[in-house]
Amino acid sequence: MDWTKHDSDLRMWEETPVNTYLDDTYKAFVDSIVPRSPELGELYGMIQYYGALDFDTDEYLIMSMNSLDVPLADIGAEILNTAARQYFYERDGEENVDSSAGETYFAKLTMDERLAVMAILLGPDRINYFPVQENFGLEEILPIFPIMNRLTFMGYYSEWWGYGSTRSLPPNQRVLEYFPGSWEQVGYPGPSLGYRAARSYNYTAGM
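Since the structure is predicted, the reported quantities are computational estimates derived from the model, not experimental observations.

1. Describing the overall build of the protein chain
Along its length, the protein chain carries nine helices and zero strands. Mapped in sequence order, the helices and strands of the protein chain form the string α-α-α-α-α-α-α-α-α. Expressed as a percentage of its 207 residues, the buried residues of the protein chain come to 44%. Within the protein chain, counting contacts between residues at least 6 apart in sequence, those at least 24 apart form 66% of the total. Of the roughly 12200 Å² that the protein chain leaves accessible, carbon and sulfur atoms contribute 54%.

2. Focus on the packing of helix α1 (residues 21-33) against helix α4 (residues 73-92)
Interhelical geometry of α1 versus α4 gives an angle of 65° and a closest axis separation of 10 Å. In terms of orientation, α1 lies roughly perpendicular with respect to α4. Seen along the crossing, α1 lies across α4 with a hand that is left-handed. Mapping the contact onto sequence places Tyr-21, Leu-22, Thr-25, Tyr-26 and Phe-29 in α1 and Ala-73, Asp-74, Gly-76, Ala-77, Glu-78, Leu-80 and Asn-81 in α4.

3. Structural notes on helix α5 (residues 111-122)
Here α5 contains twelve residues, and its C-alpha end-to-end distance of 17 Å stays within 8% of the 16 Å for a straight helix at 1.5 Å per residue. Of all the residues in α5, the buried ones are Glu-113, Arg-114, Val-117, Met-118, Ile-120 and Leu-121. On an axial view of α5, the arc spanned by its buried residues comes to 145°, and they lie on one face. Exposed positions of α5 whose direction lies more than 90 degrees from the buried face are Asp-112 and Leu-122. Of the surrounding elements, those touching the buried residues of α5 are α1, α4 and α7 (144-157).

4. Focus on the environment of Thr-57
With respect to the element layout, Thr-57 can be found in helix α3 (residues 57-66). Take Thr-57: its relative accessible area is 0%, and that puts it in the buried class. Sequence separation between Thr-57 and Met-154 is 97 residues, and the spatial gap between their C-alpha atoms is 8.9 Å. Once residues lying within four places of it in the same chain are set aside, the contact partners of Thr-57 are Val-30, Ala-52, Thr-152, Gly-155 and Tyr-156.

5. Thoughts on the packing of α4 against α5
Two quantities define a packed helix pair, namely the angle between the helix axes and the distance between the axes. It is at 9 Å that the axes of α4 and α5 come closest, and there the two elements cross at 105°. In terms of orientation, α4 and α5 fall into the roughly perpendicular class. Together, Ile-79, Leu-80, Ala-83, Ala-84, Gln-86, Tyr-87 and Arg-91 of α4 and Glu-113, Ala-116, Val-117, Ile-120 and Leu-121 of α5 make up the contact between the two elements. Partitioning the contact of α4 with α5 into residue classes produces nine nonpolar, one polar and two charged.

6. A look at unusual backbone geometry
Of note in the backbone geometry, Asp-56 takes a positive phi value of approximately 55° without being a glycine. Considering the arrangement of structural elements, one finds Asp-56 in the loop between α2 (38-44) and α3.

7. Here we look at α4
When the terminal C-alpha atoms of α4 are compared, their 28 Å separation across 20 residues agrees well with the 28 Å that a helix rising 1.5 Å per residue should span. Remark: Gly-93 follows α4 within two positions and exhibits a positive phi of approximately 90°.

8. Digging into the side chain of Thr-25
As for its position among the elements, Thr-25 is in helix α1. Judged by relative accessible area, Thr-25 falls into the buried class, the value being 0%. A polar atom in the side chain of Thr-25 sits 2.9 Å from the side chain of Asn-81. If sequence neighbours within four positions are ignored, Thr-25 has contacts with Ala-77, Leu-80, Asn-81 and Phe-106.

Scoring rules and cut-offs
Each chain carries its own residue numbering, running from 1 in the direction its sequence is written. Two thresholds apply to this predicted model, a pLDDT of at least 70 for residue-level local features and 80 or more for giving and counting side-chain atom pairs, whereas whole-chain, interface and lining totals are computed over all residues. Only heavy atoms go into the side-chain values, all of them from the structure, while hydrogens and water stay out. Secondary structure follows DSSP: runs of H or I at least 4 residues long count as helices, runs of E at least 2 residues long count as strands, and numbering of each begins at the N terminus. Any residue under 20% of the maximum accessible area for its type is buried, any over 50% is exposed, and the rest in between are partly exposed; the area is computed with a 1.4 Å probe on protein chains only. Note on contacts: a residue pair qualifies if any of its non-hydrogen atoms lie within 4.5 Å across the two residues. Accessibility throughout is a Shrake-Rupley quantity obtained with a 1.4 Å probe, and a residue counts as covered only by protein chains that appear here. Axes here mean lines fitted to C-alpha atoms, for a helix over just the part in contact, with angles spanning 0 to 180 degrees between N-to-C directions. For classification purposes, angles smaller than 35 degrees are called roughly parallel, those larger than 145 roughly antiparallel, those between 65 and 115 roughly perpendicular, and all remaining angles oblique. Crossing handedness: left-handed means the near helix sits turned counterclockwise from the far one by under a right angle, and right-handed means the same turn made clockwise. To estimate how far a helix should reach, multiply one less than its number of residues by 1.5 Å. This arc describes the spread of directions from the helix axis toward the C-beta atoms. The residue classification treats Ala, Val, Leu, Ile, Met, Phe, Trp, Tyr, Cys and Pro as nonpolar and Asp, Glu, Lys and Arg as charged. All others, Gly included, are polar. Each polar contact in these results corresponds to two N or O atoms within 3.5 Å; when the atoms are within protein, one needs to be able to donate a hydrogen and the other to accept it, and residues that are neighboring in sequence are counted only if both atoms are side-chain atoms.

Structure, rendered in structure tokens:
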């Protein structure tokens, strides 16, 4: 089944002027967290091939980040691109840090380089050279990267992609138009009022 027309090759964005700084950054991020898996597709069937870009997880992440008490999508993108800029700085020197691409440093990296940038954010020193939102303190910035990780998996394994053309509508107006591909990947049968096995489980066994 052709689940999507997306392409995980990030180089295609360079030829697509409609993509924005925010979109490019989050596409690159979710593609790094849940990439396509050609090897799994060969072993277990084509459905296992698809990744986060194929199921529009980047849209879910941006929407969720901006639905928090303090909208964080812009901050999260700036953190990723600032860390990527630091990566370029440390690898190539200040004179070789390219600022001609709208500062979408993170989306310009290869998969291995993006993972190295995320390691910077998880390390003890984190971002050293370039400020990120000067009106935010360090204690407010540090939790953002783990939040982005969790929301990516939540969006990927939720019913988000299945909402299809109704995704942008208020929650009470969304309709499950497709069976989510990630549900098929893990064998989830879909929502139910209750599963008989769970209702009859003996929770006192072995006590």
